[in-house]
Amino acid sequence: MKLFLAEEMQQIDAATTKEFGLPGLLLMENAGRAVAATAENILEDCRNKKIVVFAGKGNNAGDGFVAARTLLARGAQVTVILFAESDAYTGDALTQLAVLQKCNPFLFTVRTEQDWDKAAIAGELADLVIDGLLGTGFRGELNLTFARAAKLINSMAAPVLAIDIPSGVEPDTGKASQDAVMADVTVTLAAPKPGLYLYPGAAHAGEIMVAEIGIPADLLAGADCKNELITKRLAKAKLPQRQGNAHKGMAGRVAVLAGSPGFTGAAALCSYAAVKAGAGLVTLLTALSSQNILAAKLNEVMVQGLIERMPGVLGGGAVGDVRHWLEKSDVLAVGPGLGTSEPTKEVIRDILQGCSKPAVIDADALTALVGHTEILSGMKCPKIITPHPAEMARLIDDDAADVDAKRLAVASRFAVEWQAVVVLKGAPTVVAAPNGAAYLNTTGNEGMATGGSGDVLTGIIAALLGQGLSAEDAAVLGVYLHGLAGDLAAENGKIGLAAGQISEVLPRARQKVEEE
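Residues numbered from 1 in each chain as written. Predicted model: local features only at pLDDT ≥ 70, side-chain atom pairs only at ≥ 80, totals over all residues. Heavy atoms only, no water.

**Student:** Would you mind going over the overall build of the chain with me for this structure?
**Tutor:** A tally of regular secondary structure across the chain gives 22 helices and 20 strands. Across its three principal axes, the chain shows a C-alpha extent of roughly 85 × 45 × 40 Å. Put simply, the chain has 516 residues, and 58% of those count as buried. In the chain, once contacts between residues fewer than 6 apart in sequence are set aside, the share between residues at least 24 apart is 71%. Just so you have it, the chain exposes about 20800 Å², and 50% of that area is on carbon and sulfur atoms. Charged side chains of the chain number 44 positive and 57 negative; the gap between the two group centres comes to 4 Å. (Helix = DSSP H or I, 4+ residues; strand = E, 2+ residues; numbered from the N terminus. Buried < 20%, exposed > 50% of the residue type's maximum accessible area, 1.4 Å probe, protein only. Contact = heavy atoms within 4.5 Å. Areas by Shrake-Rupley, 256 points an atom, 1.4 Å probe, with all protein chains shown as cover. Lys, Arg positive; Asp, Glu negative; His and termini not counted. Charge placed at Lys NZ, Arg CZ, Asp CG, Glu CD.)

Take a look at the structure:
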């Protein structure tokens, strides 16, 4: 499902009118009716229910006017509160306001403190509140009037239904004003917007419902939109198929370069996840001093020791050993628990510069690339990097909080710049491709915020690469399966979820996708 930026949606609206002759008034009518239908579903029966509509002055308010009129016709007691003077309304919103006024709703404009008191009383008595203050044109911070109105909405006990996007949330980034509306349900019009899925906006959106408002499907499908949601349907389309006569050599040979004394768990989690994600053969290449420990941990993985300068520090001779094993492998996963000593980082850089197989680069391997990102740009093989915001911030010399706040833009920019697939982990995880395409994941939960979860993701993506998927498809599907497995593993409780539990339910997660 495509995710439309605000400007892209405006272009679609304009094309609907210009190319198809559908007037904006009709689209507004359809939007308001969709909001009314959702309100009726929330209330089960809207007859005699008290509904309050908070209306700004743009098209979002116009949608609210249609919803109010429709709900009045269905027997609801509707109060419409205007936060702009009548002469501030123009175009289709003005037309809808004029029609609404002829239907005799209880309607007033907030001008005085008495009006604010009336609004508060209406909200206290309401069975449902509809937020039609501001739409996708919002940026920055709410002004004093709208901030006070939003705070009033948030203080009410009734459920809140937002039109298109909660007021105070930016549609492209998910950035939320301090007093942005907290909705229980958001009816987003025609197509979803990134800000509904990017935090903190996602925390304000509640349940998201997409309303079809009459925009031709071909127009939406053919739009030059590079952002997309990773849904179960999209994940299924990318699942690698396995023939009935397949053998382990056909299912992908994965080499995992990971682990050092004290950090063997990361290597074990990554390797085992590759097995559970369907890899035919997994070989773990690790520091010699960790070999016996990891061999004891892993029954289904071949464990090979690498030359060390000292325990946990790889020596230069390890480069040749890794290249030897890569000749027998289809893909390389590198980084989890490998160590951050300078000699080890030099080994990692040498291996990546000469790598001819698709590579998944994570954790300590990302640390080795700090100050050396030209290696990424120069690599000829397909490559996927899987940083969390702090790791990404170190790579681009930025602040982790800033990276997290603009995760879609950051991932997209550097995927193109480095010609690498960037998997920026977090909520939600963003997958960005070198061709400019970007994806937001829809699976996963807060219980996955635990050590080792990222190592599992690296193993999953490597296994999918080994099964013949492109770097982009492996990352998209891997992120979705990882989150879905986390959701399944959390069925008995999110807090206390261990990373290894995610791997255990990967076959079940894959089966659920296959059943879509």
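From this point, the narrative continues.
**Student:** How should the pairing of strand β18 (residues 421-424) be read in this particular structure?
**Tutor:** The two faces of a sheet get side chains in turn, since along a regular strand they alternate between them. The side-chain alternation of β18 yields two buried faces, one formed by V421 and V423 and the other by V422 and L424. Relative to β18, strand β17 (residues 383-385) runs parallel, the two sharing 2 bridges. Looking at β18, one finds that I385 is bridged to V422. Pairing analysis gives 3 bridges linking β18 to strand β19 (residues 430-432), with the strands arranged antiparallel. Its bridge partner lying in β19, V422 is registered against A432. In this structure, the hairpin formed by β18 and β19 is closed by a connection of 5 residues, where G426 is found at a positive phi of approximately 145°. (Pairing = 2+ DSSP bridges.)

**Student:** Even after reading the chapter, I still don't get the packing of helix α16 (residues 389-396) against helix α18 (residues 407-418), so can you show me in this structure?
**Tutor:** Packed helix pairs are specified by the crossing angle of their axes together with the interaxial distance, meaning the distance between the axes. Two numbers describe how α16 lies on α18: the axes approach to 12 Å, and their chain directions differ by 50°. As judged from the angle between their axes, α16 and α18 are oblique. Note on packing geometry: the crossing formed by α16 with α18 is left-handed. Facing α16, whose interface residues are P389, M392, L395 and I396, α18 presents R407, V410, F414 and W418. Here the contact of α16 with α18 is composed, by residue class, of 7 nonpolar, no polar and 1 charged. (Axes fitted to C-alpha atoms, helices over the stretch in contact; angles between N-to-C directions. Parallel < 35°, antiparallel > 145°, perpendicular 65-115°, else oblique. Left-handed = near helix turned anticlockwise from the far one by under 90°. Nonpolar A, V, L, I, M, F, W, Y, C, P; charged D, E, K, R; others polar.)

**Student:** Would you take a moment to explain the sheet that holds strand β5 (residues 128-132) for this structure?
**Tutor:** Within a beta sheet, neighbouring strands are joined by backbone hydrogen bonds and run either parallel or antiparallel to one another. Pairing within the open sheet is parallel, and its 7 strands lie in the order β4-β3-β2-β5-β6-β7-β8. Each edge of the open sheet is held by one strand with a lone partner, namely β4 (106-109) and β8 (207-211). Between one strand axis and the next, the sheet turns by 20° as a mean value, whatever way the strands run. Contacts between helix α5 (residues 113-125) and the sheet are confined to β2 (50-55), β3 (77-82) and β4, with β4 contributing the most and set at about 145° to the helix.

**Student:** What is the right way to read unusual backbone geometry from this model?
**Tutor:** Phi is mostly negative for residues that are not glycine, and the peptide bonds are mostly trans. Backbone torsion omega between Y199 and P200 reads 5°, so that peptide bond is classified as cis. For the peptide bond that leads from A427 to P428, omega is -5°, which places it in the cis range. Locating P428 in the fold gives a position in the loop between β18 and β19. Positive phi outside glycine occurs at N104, with the angle close to 60°. Mapped onto the elements, N104 comes out in the loop between α4 (91-101) and β4. Although it is not a glycine, D397 adopts a positive phi angle of roughly 55°. Within the secondary structure, D397 is located in the loop between α16 and α17 (400-405).

**Student:** What am I meant to see in the packing of α5 against helix α6 (residues 144-155) here?
**Tutor:** Relative orientation of the contacting elements α5 and α6 amounts to 30°, with a least axis distance of 10 Å. Between α5 and α6, the crossing angle belongs to the class labelled roughly parallel. Remark: the crossing between α5 and α6 carries right-handed chirality. Across the interface between the two elements, E113, W116, A119 and A120 from α5 touch T145, R148, A149 and L152 from α6. Considered class by class, the residues forming the contact of α5 with α6 number 5 nonpolar, 1 polar and 2 charged.

**Student:** Is there a simple way to think about α5 in this case?
**Tutor:** Helical periodicity: at 3.6 residues per turn, an α-helix aligns residues three or four positions apart in one direction. Taking 1.5 Å of rise per residue, the 13 residues of α5 would be expected to cover 18 Å, and the 19 Å separating its terminal C-alpha atoms lies within 8% of that figure. Among the residues of α5, D115, W116, A119, A120, A122 and G123 are the ones counted as buried. Considered in projection along α5, the buried side chains sweep an arc of 160° and stay on one side of the axis. α5 presents Q114, E124 and L125 as exposed residues on the side facing more than 90 degrees away from its buried surface. Buried residues belonging to α5 abut β2, β3, β4 and α6. (Expected span 1.5 Å × (residues − 1). Arc of directions from axis to C-beta.)

**Student:** I keep staring at the pairing of strand β11 (residues 281-287) and nothing clicks. Help me out?
**Tutor:** Of all the 7 residues making up β11, 7 are buried; the element is thus mostly covered by neighbouring parts of the structure. Bridging between strand β10 (residues 253-257) and β11 involves 5 bridges; their strand directions are parallel. For V254, the partnering residue across the bridge sits in β11 and is V282. Where the polypeptide runs from β10 across helix α10 (residues 264-276) and back to β11, its parallel neighbour, the crossover connection is right-handed. Sheet analysis places β11 next to strand β12 (residues 302-306), joined by 5 bridges and oriented parallel. By the bridge assignment, L285 is partnered in β12 with Q304. Read from β11 through helix α11 (residues 291-297) to β12, the crossover connection turns out right-handed. (Right-handed = clockwise from strand over helix to strand, strands pointing away.)

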